[in-house]
Amino acid sequence: MTIELSGIGATPRVGVGTVVWHRGTTDLSEPPDPKTVDVDEQLAAFEAACERAHEELTDERERAEERVGDDEAAIFDAHRAFLDDPEITGSVETAIGNGLPAPHAVQQAFEDPIARLEGLEGSTAERADDLRDVRDRLLRILTDRERTDLGDLPDGSILLAERLAPSDTARLDPDAVAGFATLFGGRTSHAAIFARSLGIPAVVGVGDELAQVGDGREVLVDGEDGVVIVDPDDAARDRLVGAATAVTRDRVSTADGRPVEVAANVGTLAELDGVVEQGADGIGLFRTEFLFLDRDSPPDEDEQYDAYVEAASAFPGDRVVARTLDVGGDKPIPYIDAPEETNPFLGERGIRRSLGPDADLFETQLRALLRATAEVDDLAVMFPLVARVEELDAALLRVEAVAEELADEGIDRAIPELGVMIETPGSAFVAEELATRAEFLSIGTNDLTQYVMAASRENARVADLHDPLHPPVLRAIRRTVEAGHEGDAWVGMCGEMAGDPELTELLVGLGLDELSLSAVTVPDVKARVAECDAESARDLAERALSAETRDEVTSILEG
Ligand code: PEP
Ligand code: MG
């Protein structure tokens, strides 16, 4: 009988295959009497295990670098740093000194740091997966257990696991693995990020019921709808057919001739090939903070310059929009000394940090971007989390100052097309003024919805409120588009809303000039743009805007 389990779709693709379970290595037998433990022998075993773990991580980093790129592979450096963390190694040595064998001491020493990370909010909590990964590696080495060779799974495997660590996911061969599903994890966990860059269908956070699905069962993973279907029948298999819309590299217009640009969002350079393959008309959002995450120090000016040139060169003649560093909130950077905030989403995020404590990083990034603009065509730059005109004015002044500085140094530079993200109610209310200063506005509906509806984008308990179809959000989008056009700015959307093909007609009707979305949905959205008629889309948008509730909006869209 077909059973359907729901979770969170991580890669909007569908795959079917045979279950292979990846089980953890943390079950240890009871520790022996402390008096019988040879402390020196156990300390030596721990030291040898750390050395071996370092060697493995070095090898795995090299392999991952070839397959998913340098930025993603940098996670292994973070794992090596955990191995050298004196708080952890000190606790292991103390526990061994108290008479615990090395494996038990490792398990105990990691407990508190893992629990501390789990207690935090957002993506910091997901770093607990990295710590677990390091712990499990040490336990496997110390207990001499065989590791499941995730790089050598049979063709058509559906991998199930409690949680997959970044190093596990990076080893997966996308040609052999038809999909994976995990009990735990969120959309922004590293496993999910890797899965998306490798294009592997994935559903995370399915919960305990997944544990009941045994090895060898046939399972379909639908990362689009976030469901895992055990023993799929013919109706369930139709999902496989629906997944493949033909790719077109041509730009698209509505049936009555209104052009709409369909670009892609990327976080890492390793994703570029996939984005080109899916036929994107450029990049509408390059989340440059990914160049800064999971490493020990920031990328320098030359490394960033190379990254921006590489991104723009993948799309000759098409626009590539780099967003300046957007850290804080759910994206802390370990080497930046930022104070703890009780409400980080309302704290020092995005442009606030770039104009404040991270001014040096901002200057380096702008130098790299202006140099890259001189080298390649069509690079654009936008600023995140702007809430008021003064912030845009200050950011534009920084750009001019950096341009002068480079000119004084005799370095080639050019000022890119400059834009602002509309992610706060403040920016939506002053969109007219922003649009007269900037060349484009790009609506970030993930944050805009969170702030308009006062509903965290990460809290499942208010997920119903975090929906851009609520009239207040739709009206904020409408006023932004109108204000942008009045100020002669083009207006795009790069939040997740842009990637839902069911909403393409509405967005065309709201007047958006560009939609930027994850690469895998580019073909579907292009097809929807080509199908719709701009005149009737406008009519649909007018009706949706006059609705008083989300339910009314939904029934208008369904009708
Ligand atoms: C957004 O907020 O909609 C957006 C695109 O930015 P991010 O998801 O990176 O915060
Ligand atoms: Mg945002």
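Residues numbered from 1 in each chain as written. Chains lettered and ligands numbered in written order. Predicted model: local features only at pLDDT ≥ 70, side-chain atom pairs only at ≥ 80, totals over all residues. Heavy atoms only, no water.

(A) Seen up close, the overall build of the protein. In terms of regular secondary structure, the protein is built from 22 helices and 17 strands. Taking 2.2 N^0.38 as the reference for a compact globule, 559 residues should give roughly 24 Å; the C-alpha atoms of the protein span a radius of gyration of 25 Å, in line with that estimate. The principal-axis extents of the C-alpha atoms in the protein amount to approximately 80 × 65 × 40 Å. Every one of the 559 residues in the protein was classed for burial, and the buried ones make up 55%. A separation threshold of at least 6 residues defines the contact pool for the protein, and within that pool the share at least 24 residues apart is 69%. Accessible surface for the protein amounts to roughly 23400 Å². Of this, 46% is attributable to carbon and sulfur atoms. Of the side-chain charges in the protein, 50 are positive and 119 negative, and the distance between the mean point of each set is 2 Å. (Helix = DSSP H or I, 4+ residues; strand = E, 2+ residues; numbered from the N terminus. Rg over C-alpha atoms; globule rule 2.2 N^0.38 Å. Buried < 20%, exposed > 50% of the residue type's maximum accessible area, 1.4 Å probe, protein only. Contact = heavy atoms within 4.5 Å. Areas by Shrake-Rupley, 256 points an atom, 1.4 Å probe, with all protein chains shown as cover. Lys, Arg positive; Asp, Glu negative; His and termini not counted. Charge placed at Lys NZ, Arg CZ, Asp CG, Glu CD.)

(B) Spotlight on the site of ligand 1. Near ligand 1 there are 13 residues, and of these Arg-287, Arg-323, Gly-444, Asn-446 and Arg-457 occur at the shortest range. For ligand 1, an oxygen atom lies 2.8 Å from a polar atom in the side chain of Arg-323. Backbone polar atom of Asn-446 to an oxygen atom of ligand 1: 2.7 Å apart, as the coordinates give it. Starting from 280 Å² of accessible surface for ligand 1 in isolation, the protein chains cover 99%. Listed by contribution, the elements that provide at least two residues to the shell around ligand 1 are strand E11 (283-287) and helix H17 (445-452). When residues of the shell around ligand 1 are assigned to their parent elements, the largest contribution, three residues, is made by H17. Across the shell around ligand 1, the residue classes break down as three nonpolar, four polar and six charged. (Near = heavy atom within 4 Å. Polar contact = N/O pair within 3.5 Å; in protein donor to acceptor, adjacent residues only side chain to side chain. Nonpolar A, V, L, I, M, F, W, Y, C, P; charged D, E, K, R; others polar.)

(C) Spotlight on the sheet that holds strand E4 (residues 157-161). Spatial ordering of the open sheet is given by E1-E8-E7-E3-E4-E5-E6-E2, a layout of eight strands whose pairing is mixed. A single partner strand is all that each edge strand has here, and the edge strands are strand E1 (3-6) and strand E2 (8-11). Across this sheet, the average inter-strand angle for adjacent strands is 30 degrees, counted without regard to direction. (Pairing = 2+ DSSP bridges. Axes fitted to C-alpha atoms, helices over the stretch in contact; angles between N-to-C directions.)

(D) Structural detail: the coordination of the magnesium ion (ligand 2). Taken together, Glu-423 (OE) and Asp-447 (OD) make up the full set of protein donors to the magnesium ion (ligand 2), lying 2.0 to 2.1 Å away. Placement of the pair is Glu-423 in the loop between strand E14 (417-422) and helix H15 (425-429) and Asp-447 in helix H17, with a sequence separation of 24 residues. Residue classification places Asp-447 among the buried positions, given a relative accessible area of 2%. (Donors = N, O, S within 2.8 Å, 3.2 Å for Na, K, Ca; no water.)

(E) Examining helix H20 (residues 522-531) more closely. Taken as a whole, H20 has its buried residues at Val-522, Pro-523, Asp-524, Val-525, Lys-526 and Val-529. Contacts from the buried residues of H20 go to strand E9 (252-253), strand E10 (259-266), helix H19 (504-509) and strand E17 (514-518).

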